[in-house]
Amino acid sequence: MNGVKRLRFKKHKRAGQVGDRPGMIRIAEDALKPIISAYSYNKDELVTCEGRDIKAVLKQLDKCDNHTHWIKINGLGDAGLIEQIGEHCQINSLVLEDIANTHQRPKFDEYDDYAFCTSRIVYFNHDNEIINCQFSAIIKNNIIISFEEDHNENRFEAVKARLKAGKGSIRTDGPGYMCYALTDTIIDNYFVLLAEIGDHLDALEDKLYQSADKSIMFNAQQLKRTLIVVRRASWPERDKINDMIRSESPLVTPEVKLYLRDAYDHCIQAMDLIENYKEVTSSIIDLYLSMVSNRMNEIMKVLTIISVIFIPLTFIAGIYGMNFSRQDDKGHIIADNMPELYWHHGYIYAIVFMLLIAVIQVFVFWKKGWFNRL
Amino acid sequence: MNGVKRLRFKKHKRAGQVGDRPGMIRIAEDALKPIISAYSYNKDELVTCEGRDIKAVLKQLDKCDNHTHWIKINGLGDAGLIEQIGEHCQINSLVLEDIANTHQRPKFDEYDDYAFCTSRIVYFNHDNEIINCQFSAIIKNNIIISFEEDHNENRFEAVKARLKAGKGSIRTDGPGYMCYALTDTIIDNYFVLLAEIGDHLDALEDKLYQSADKSIMFNAQQLKRTLIVVRRASWPERDKINDMIRSESPLVTPEVKLYLRDAYDHCIQAMDLIENYKEVTSSIIDLYLSMVSNRMNEIMKVLTIISVIFIPLTFIAGIYGMNFSRQDDKGHIIADNMPELYWHHGYIYAIVFMLLIAVIQVFVFWKKGWFNRL
Amino acid sequence: MNGVKRLRFKKHKRAGQVGDRPGMIRIAEDALKPIISAYSYNKDELVTCEGRDIKAVLKQLDKCDNHTHWIKINGLGDAGLIEQIGEHCQINSLVLEDIANTHQRPKFDEYDDYAFCTSRIVYFNHDNEIINCQFSAIIKNNIIISFEEDHNENRFEAVKARLKAGKGSIRTDGPGYMCYALTDTIIDNYFVLLAEIGDHLDALEDKLYQSADKSIMFNAQQLKRTLIVVRRASWPERDKINDMIRSESPLVTPEVKLYLRDAYDHCIQAMDLIENYKEVTSSIIDLYLSMVSNRMNEIMKVLTIISVIFIPLTFIAGIYGMNFSRQDDKGHIIADNMPELYWHHGYIYAIVFMLLIAVIQVFVFWKKGWFNRL
Amino acid sequence: MNGVKRLRFKKHKRAGQVGDRPGMIRIAEDALKPIISAYSYNKDELVTCEGRDIKAVLKQLDKCDNHTHWIKINGLGDAGLIEQIGEHCQINSLVLEDIANTHQRPKFDEYDDYAFCTSRIVYFNHDNEIINCQFSAIIKNNIIISFEEDHNENRFEAVKARLKAGKGSIRTDGPGYMCYALTDTIIDNYFVLLAEIGDHLDALEDKLYQSADKSIMFNAQQLKRTLIVVRRASWPERDKINDMIRSESPLVTPEVKLYLRDAYDHCIQAMDLIENYKEVTSSIIDLYLSMVSNRMNEIMKVLTIISVIFIPLTFIAGIYGMNFSRQDDKGHIIADNMPELYWHHGYIYAIVFMLLIAVIQVFVFWKKGWFNRL
Amino acid sequence: MNGVKRLRFKKHKRAGQVGDRPGMIRIAEDALKPIISAYSYNKDELVTCEGRDIKAVLKQLDKCDNHTHWIKINGLGDAGLIEQIGEHCQINSLVLEDIANTHQRPKFDEYDDYAFCTSRIVYFNHDNEIINCQFSAIIKNNIIISFEEDHNENRFEAVKARLKAGKGSIRTDGPGYMCYALTDTIIDNYFVLLAEIGDHLDALEDKLYQSADKSIMFNAQQLKRTLIVVRRASWPERDKINDMIRSESPLVTPEVKLYLRDAYDHCIQAMDLIENYKEVTSSIIDLYLSMVSNRMNEIMKVLTIISVIFIPLTFIAGIYGMNFSRQDDKGHIIADNMPELYWHHGYIYAIVFMLLIAVIQVFVFWKKGWFNRL
């Protein structure tokens, strides 16, 4: 469970500055250099091209003119690249700004002859930190250009594999289907993330029942915040898919809409699961607080009962430690004040008296049910 | 009340994997082997066929061509079986995927010449664990194929009995009516479950008034979560029934819609009851927390009052235990320092003085109302 | 205030069983035997007939053919009676089932030539228990048949009186008006109930300011739950009245709709009042919890301050109770160790020193504001 | 701050009785006798008439036939008066009932040739009690009759002044404008009330930072409830104004609608302010509870640390107060048991040892940061 | 973190008085004297004029008749100025009232040939106090007049710079675009503010993990309230932009609508961020309360355990401090009562016995896990 780290919330500094001309592309300082892969495919053929040079890719576009092209860009650290693509495909500069400014909510915007969509990719990285980065895609005619903020190249491995295998509709259904396939993979990854969160919650709950300590509170709060991050990613995702389904653009074919309905269901299932986990997290926090309070109360109760039992005994011992005395003429002490002190077996009587008081106290407290667990 | 076990939330691992081709049927590892029952009925006749062999069933379908068929499948552990059915009835592979992936929310989807609906079955099993499994049904022409995730064969016993008896509309109103009958039975079972939860709540409340211990908190939280499970099952169920009522498919006849309106009312009653029980549960938790706090306060108050009464007395005893003395030339102690010690009956005076102080304290505390229950 | 009893929530066991044929009338075990009253009235005449025999009533219906008939049935313990009425008026069996199964939410359903509506009757009975029973009515042509779950025959006394007096529209405006009159009376009774709850809340608040004890918490929680019961009755009631207003059935005449708008306003006023009382209840609970906590803190603070004042004093007394001594050759004690013990007036000095310490402590605590009420 | 009195919530007893004939006017027992003022004005002239006699007013109506008339009635204690007005203007008896039954929510109802609207007037009276009384108005043709539940005649002083001055649209824009002017004044008064509440909140917050005592909790709860009262008045007021703006009645001219849009904005501003103050109140309560808890914790911590420091010291003093001794033949005590008692400077050593222990304890506690404020 | 000051909520005294004639301009007492800047620009030219004299500006308007004019007014302390502008542009007096009464919510109102919009400007001033002032703008034909409540002239520096540079659409797209540019700058400034709040939250959280003290509670509450202020500014801002996008006024050209869609997205991002920060703030408060409670519990537990260990020891010391004795004829004490006192090494035995008891206690408490952190 110690795996859950403190979730530092990214400062959400928008790369742009106050008063910037709309459509101005500003690259964040820590943006990664782009890596480009291009896949040109039709029913019969799959041409692949990887590298960092956009020109080679654009050349391939021109060459394979009866193919569908998927250009996959990881890393947004090069404003020139984005502008070049924008120019080549005649994309509005506001869209290019949205690609570079990685704080977009999931949305689907239609333009004259192309469409633009964004999603949030959320996952735990190797340091168990939560990463919330942006996926965006431009869909046009026979081309889809996808942008990911990070360098994780394995994310769409399964899509690439299906592309290579050439089975299913992936080779034949155009860029709309590819957009669906990528979106669906992103949503599927939410379930992977939620399964991890579920494991964490399970571990937390085990710990709660075994050895509750205050890390539970911290971890539960961190999970709660992580869930909020996923939720903020998946709620607008649902609206986005809905927009795609109701779109009248020729880029989203009726066949793709059928698949999107499926993705829509998955998205709702993810949201359901998130709400469920949020309630579980709250319940864990409530139980933890109640347990801590109970344990503390239990300890204080026992300690206080021990104190209270000894207090009257100590008082009695104190009484017989008093130096009251009466002396006769010769300075001898006369058993006149505190005669008990001079009795045969007075000491035994005193001890027995004390024991009696202790027993009575224990009996009374037990009778009142104070030894029961609360 | 000890019957309510810790509710481990199922990991909700979707059988599918990230990037799977849409429509791919993946069977969960712990899925049960299917048991098949087929009922072919018309106004005059009821032909039954049970077993594990789908071929015998399909043969019966061909044979009884002026019958309505209800094929009931318990257990989803055989991908081949689902594919065979899909092929025979020409069902979209996305639907088949939804049958196998048992995390669907209740929904009603219409296709060209068939419809598909899902529900959640929620019940306590013999170990008092909450089970949340999937019911799905394909409705077509003159056939309804229902899938249940588990092997509980008694669930629809009453429906079978009505089928055997042949009374009412069940034999004549086609697969739409059968779909209603099964859905209504599932909703009726929510009331059975809710009655059990109501009993648990009643027992919890009795315990609250008699001997509140911390199991109340745990049990109440478990019941709360169980209620959330039922709620997540019944809310979309209502929408699903509404979709069926507003459907224009010929599979849902106007007569069936009248019955569905009835089922809709039942579903809303169940939701009402769930909300009611949720409020009761919250109220029990609030009362419990308040009671624990009150009891603890009561104990601490009494103990502290006892301590405080004895503390000044012990102090006085301590004073007369001091060894102040003045000696004359002969080393005899002179009653000059602490003359009280040498008074006649000094001891008695001291005891009386202590008693007096104790009485005054008790009086003051009583006057301030500190002995009253808070 | 002790009048508010523990509100046991009725088990809400639906009389029907899982898988029952729809439209099957099942009578709850504790249902009361029906008492029947029939009022046949037109502008000039009012014929009354009371008893337990439905046949006499049906005969009267045939006889008075230009009258409007109000048949009032108290108690639902006779399935045969309901079926007879259903047959006579040609009522759908699903409606009859809803009459017998007394867990309907308020609703207004229109059928071909009749309408069916239900309401919840909520009141405190003589044992101050909250009763939540069902009112339902079938409206047809020139007849209204009302069903009440209990035997309280005074509920509609004012309506009967107006009927006898023959003033206003009641004699002339048909069964729709009568339905309005009964519904309005039920809503008026919510105000009676709410006035009682308001009195309870007022008493609770008085008690809060005078002598808060833990019964406040219990009573406030009970009132909260009672308010939830009324709320669950009145919210759908509003929708029901709205449905009636928007209905196009000839049974609800434009004139009656005008009155219904009035009833609608009353219903919203009741809901407003309920929300108001709920907020007051929450505020009472919050204040109570804060007061208990304050009082407890106050007590503990005073007690602890007393303890702390005496602890150093007792320590000093303990020091001078130590037996350090030095003896000379003759075994006489030499004032070498602990010479204070042998000083003139050493005892007085010690007492004064103790007093001084006590005074300093009191001064410091007072200076820090610890004697102020929190 | 002591100005905020306990907010007794009016019993909301509706004057009517269960089962009353609709439209029956029942006057509340504590209703005030009506005072009547009538203002007949046109562009050139303003005729005023005040008193308690409705007949004089009705005569004036007939006399000034090309004037607009504003009849202002303070106090609803005379059913006859209301009936007379109702008869003269041919008002539906349900409307008259709503005027007398002063628990209406703000609403705007249109009838054939007149309209009826109500508002809530909320203010602190001279005893700082919150008063929530009803304003209602009948608008017809060239007449507006306004009813106020109380006798406060200064409320609309500014409106009267503008009427006398004769500037602006007030003289020329008919009864619709007058209705707007009165409503706007009522809303303006919400801001006066909210400013008072804001002052109270400010004072409460000052007190919180200076000398928090438990009156803060009570006062904050009272303010919260007051805010709820204003909120319940202003929310439906907004809907009412919206209804007026969308009304197609000729009584609300387009020019008046423009002004109503302005009043609508004011109403939303008031609602905004109310929500704001509610959040501030909650924040004050949270801070107060946290502060009380902190202060109490601080006190208990200091007291407990003092106790713990002295407890081991008292124990050591107790040890050297033990009477262990060994006697030689002559009855002299031999320094064999507890030789420390017979050491040179043994006493000094003991004192130093105690001091050492105290210092170590203080050091350890300080090191652990227990002297820091929490 | 000490930078966050107590957020005194402005009294929100509306400048107007109860019953004011609608459209009356009342200037708040503390309103600042206006500073006027005018920018007249077209594709080729930019004429600037600054000062306090509105006449010079109006003259410029007449002179540059094929320009677009932006008149920027900082400070609303001159009713005459507002009236002059209103007269010159023929603006409704209600609009002028809204400009002067600086409590408007963001809104966009269309009139015959002009439009009026307001926004809230929210920022921390140099004293780290939150300022919430009003921005309003009248858009007409070829003129936009913007009003700011304060004197901060750097706010729109970037817009002025773009105007001077003459790039982009700013010079050519008319007053609608300028209105967009100003609104977008205001929204961009929300992100600056939110970044500051994010820094504060980060600092608070660091403090929480390092040295939690009660300033956290105060600061978190202040941040919460600040967030509420921003939220109340940005929520209606979104609606306002939406109104602008859906407006059919020629003042908002389709090109500007495209940019407004972008601003709409930014506004939603800001709202998202606000909700996020609110949740973080709540989580910090929850964690803080839990930590304080845990720390206090830890301290009290340790202190109480120390007390309880010493209490029985002190009791034993008390026992052997009792003066039980028996004397023989010669007044010698006989080891008959309390013989332990006269044993060889009795003292050592007693000390060892005490140590034993202490060790047993420590062992038992450790075994029970009471030394573990809760």
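Residues numbered from 1 in each chain as written. Chains lettered and ligands numbered in written order. Predicted model: local features only at pLDDT ≥ 70, side-chain atom pairs only at ≥ 80, totals over all residues. Heavy atoms only, no water.

A tally of helices and strands in chain A yields eight helices and nine strands. Taken over the C-alpha trace, chain A has a radius of gyration of 37 Å; the compact-globule value for 374 residues is 21 Å, which it surpasses by more than 25%. Its C-alpha atoms put chain A at 130 × 40 × 30 Å along the principal axes. Each of the 374 residues in chain A was classed as buried or not, and the buried ones make up 60%. (Helix = DSSP H or I, 4+ residues; strand = E, 2+ residues; numbered from the N terminus. Rg over C-alpha atoms; globule rule 2.2 N^0.38 Å. Buried < 20%, exposed > 50% of the residue type's maximum accessible area, 1.4 Å probe, protein only.)

With that settled, consider the sheet that holds strand β5 (residues 114-124) of chain C. All names here are of chain C. Strand order in this open sheet of seven strands is β2-β1-β3-β7-β6-β5-β4, and the pairing throughout is mixed. One side of each edge strand has no neighbouring strand; the edge strands of this open sheet are β2 (46-51) and β4 (107-110). For this sheet, the mean inter-axis angle between neighbouring strands, taken without regard to orientation, is 15 degrees. One ladder, built from six bridges, connects strand β6 (residues 130-140) with strand β7 (residues 143-148); its direction is antiparallel. Each bridged residue has a counterpart across the sheet, and for Ala137 the counterpart in β7 is Ser146. Relative to strand β3 (residues 68-74), helix α4 (residues 157-165) is tilted by about 155 degrees, and along the sheet it contacts β1 (35-41), β2 and β3. Where helix α5 (residues 174-210) meets the sheet, it contacts β1, β3, β5, β6 and β7, and its direction lies at approximately 20 degrees from that of β5. (Pairing = 2+ DSSP bridges. Axes fitted to C-alpha atoms, helices over the stretch in contact; angles between N-to-C directions. Contact = heavy atoms within 4.5 Å.)

Before going further, it helps to examine unusual backbone geometry. Glycine aside, residues mostly have negative phi, and peptide bonds are mostly found in the trans state. All names here are of chain C. Located in the positive-phi region is Gln90, a residue other than glycine, with phi close to 55 degrees. Structurally, Gln90 can be placed in the loop between α2 (79-89) and α3 (93-100). Residue classification places Gln90 among the exposed residues on the basis of a relative accessible area of 62%. Unlike most non-glycine residues, Asn128 shows phi in positive territory, near 65 degrees. In this fold, Asn128 is placed in the loop between β5 and β6.

This part takes up the packing of aromatic side chains. Per the counting criterion, the structure on display carries 45 aromatic pairs over all chains. Aromatic pair Tyr111 of chain D and Tyr114 of chain D: ring centres 5.0 Å apart, planes at 15 degrees, arrangement stacked. For Tyr114 of chain D, a relative accessible area of 6% translates into the label buried. Counting every residue linked through ring pairs, the aromatic cluster contains Tyr177, Tyr180 and Tyr259 of chain A. Here the guanidinium or amino end of Arg261 of chain B rests over the ring plane of Tyr111 of chain C, the centre of that ring lying 5.7 Å away. (Phe/Tyr/Trp six-rings, centres within 6.5 Å; stacked < 30°, edge-to-face > 60°. Lys NZ or Arg CZ within 6 Å of the ring centre and 35° of its normal.)

It is worth spelling out the pairing of β3 of chain C at this point. Residue and element names in this part refer to chain C. The buried fraction of β3 is high, at seven of seven residues. Where β1 lies against β3, seven bridges are found, and the strand directions are antiparallel. Bridge pairing in β3 places Ser37 opposite Lys72. Both β3 and β7 contribute to a ladder of six bridges, which runs parallel. Within β7, the position partnered with Asn74 by the bridge is Glu148.

Turning our eyes to something else, we now look at helix α3 (residues 93-100) of chain B. For α3 of chain B, the buried fraction is high: seven of the eight residues fall into the buried class. Within α3 of chain B, burial applies to Leu94, Val95, Leu96, Glu97, Asp98, Ile99 and Ala100 of chain B. Elements in contact with the buried residues of α3 of chain B: α7 (254-319) of chain A together with α2 (79-89), β4 (107-110), β5 (114-124), β6 (130-140) and β7 (143-148) of chain B. If you check the start of α3 of chain B, you find a side-chain oxygen 2.8 Å away from the backbone N of Leu94 of chain B, and it comes from Asn92 of chain B. (Polar contact = N/O pair within 3.5 Å; in protein donor to acceptor, adjacent residues only side chain to side chain.)

Tallying the contact residues gives 70 residues for chain A and 66 residues for chain B. Remark: the boundary between chain A and chain B carries six salt bridges. The partner of Asp272 of chain A in a salt bridge is Arg232 of chain B, and the shortest N-O contact between them spans 3.8 Å. At the boundary of chain A and chain B, one finds ten residue pairs in polar contact (both at pLDDT 80 or more). Among the elements of the structure, α4 (157-165), α5 (174-210), α7 and β8 (326-327) of chain A are those that each provide at least two residues to the side of chain A that touches chain B. (Salt bridge = Lys/Arg side-chain N within 4 Å of Asp/Glu carboxyl O.)

As a further point, take the pairing of β2 of chain C. Residues and elements named next belong to chain C. Bridge count between β1 and β2: six bridges; the pairing is antiparallel. Within the sheet, the bridge partner assigned to Tyr39 lies in β2 and is Thr48. Hairpin connection from β1 to β2: four residues lie between these consecutive antiparallel strands.

The next thing to look at is the relation of the copies chain A and chain B. Turning chain A through 72 degrees and shifting it by 0.0 Å along the axis lays it on chain B, with an RMSD of 0.0 Å. The superposition operator between the copies reduces to a five-fold rotation axis. It is Gly321 of chain A whose C-alpha, among those of chain A, lies nearest the rotation axis, at 4.5 Å. (Least-squares fit on C-alpha atoms with pLDDT ≥ 70 in both.)

What follows covers the pattern of salt bridges. Per the stated rule, a full pass over the model turns up 90 salt bridges over all chains. The shortest N-O distance in the salt bridge between Lys240 of chain A and Glu237 of chain A comes to 3.0 Å. With Lys240 of chain A and Glu237 of chain A both in helix α6 (residues 215-246) and three residues apart, the pair spans about one turn of that helix. For Glu237 of chain A, a relative accessible area of 0% gives the class buried. For the salt bridge of Arg261 of chain B with Asp109 of chain C, the shortest nitrogen-to-oxygen distance reads 3.7 Å. Of this pair, Arg261 of chain B sits in helix α7 (residues 254-319) while Asp109 of chain C sits in strand β4, on two different chains. Residue classification places Arg261 of chain B among the partly exposed residues on the basis of a relative accessible area of 32%. Look at Asp109 of chain C and you get buried, because its relative accessible area is 13%.

Residue and element names in this part refer to chain C. Relative to each other, α4 and α5 sit at 145 degrees, their axes nearing to 9 Å. Facing α4, whose interface residues are Val159, Arg162 and Leu163, α5 presents Tyr177, Met178, Ala181, Leu182 and Thr185. Counted by class, the contact of α4 with α5 contains six nonpolar, one polar and one charged residues. (Nonpolar A, V, L, I, M, F, W, Y, C, P; charged D, E, K, R; others polar.)

On to the interface of chain E and chain A, then. Residue-level contacts link 70 residues of chain E with 66 residues of chain A. Taking both partners together, chain E and chain A bury about 6,300 Å²; carbon and sulfur atoms supply 59% of that area. Linking chain E to chain A there are six salt bridges. The residue Asp272 of chain E makes a salt bridge to Arg105 of chain A at a minimum N-O spacing of 3.6 Å. Linking chain E with chain A are nine residue pairs in polar contact (both at pLDDT 80 or more), by the criterion used here. Per element, the largest residue contribution to the side of chain E that touches chain A is 33 residues, and it comes from helix α7 (residues 254-319) of chain E. Split into classes, the residues belonging to the side of chain E that touches chain A amount to 30 nonpolar, 21 polar and 19 charged. (Buried area = accessible area lost by both parts, 1.4 Å probe.)

For α7 of chain A, with 66 residues, the first-to-last C-alpha span of 97 Å sits near the 98 Å given by 1.5 Å per residue. The element α7 of chain A is largely enclosed, with a buried count of 50 among its 66 residues. (Expected span 1.5 Å × (residues − 1).)

In this structure chain A stays clear of chain D, and the shortest span between their C-alpha atoms is 9 Å. Here chain B and chain D are not in contact; the least distance found between their C-alpha atoms is 9 Å.

Right, let's talk about the UniProt feature "transmembrane region" (unreviewed entry) in chain A for a bit. All names here are of chain A. Mapped onto the present numbering, the UniProt feature "transmembrane region" (unreviewed entry) falls at residues 299-320 and 347-366. Taken end to end, residues 299-320 comprises 95% helix and 0% strand; its first and last C-alpha atoms sit 33 Å apart. For the annotated span residues 347-366, helix accounts for 100% and strand for 0% of the residues, and the straight-line distance between the end C-alpha atoms is 29 Å. (UniProt positions renumbered as here; feature names shortened; annotations may be inferred.)

As a further point, take the relation of the copies chain E and chain A. Here chain E sits on chain A after a turn of 72 degrees about the axis and a move of 0.1 Å along it, with an RMSD of 0.1 Å. An asymmetric contact is evident, with only 9% of the interface residues of chain E recurring at the interface of chain A.

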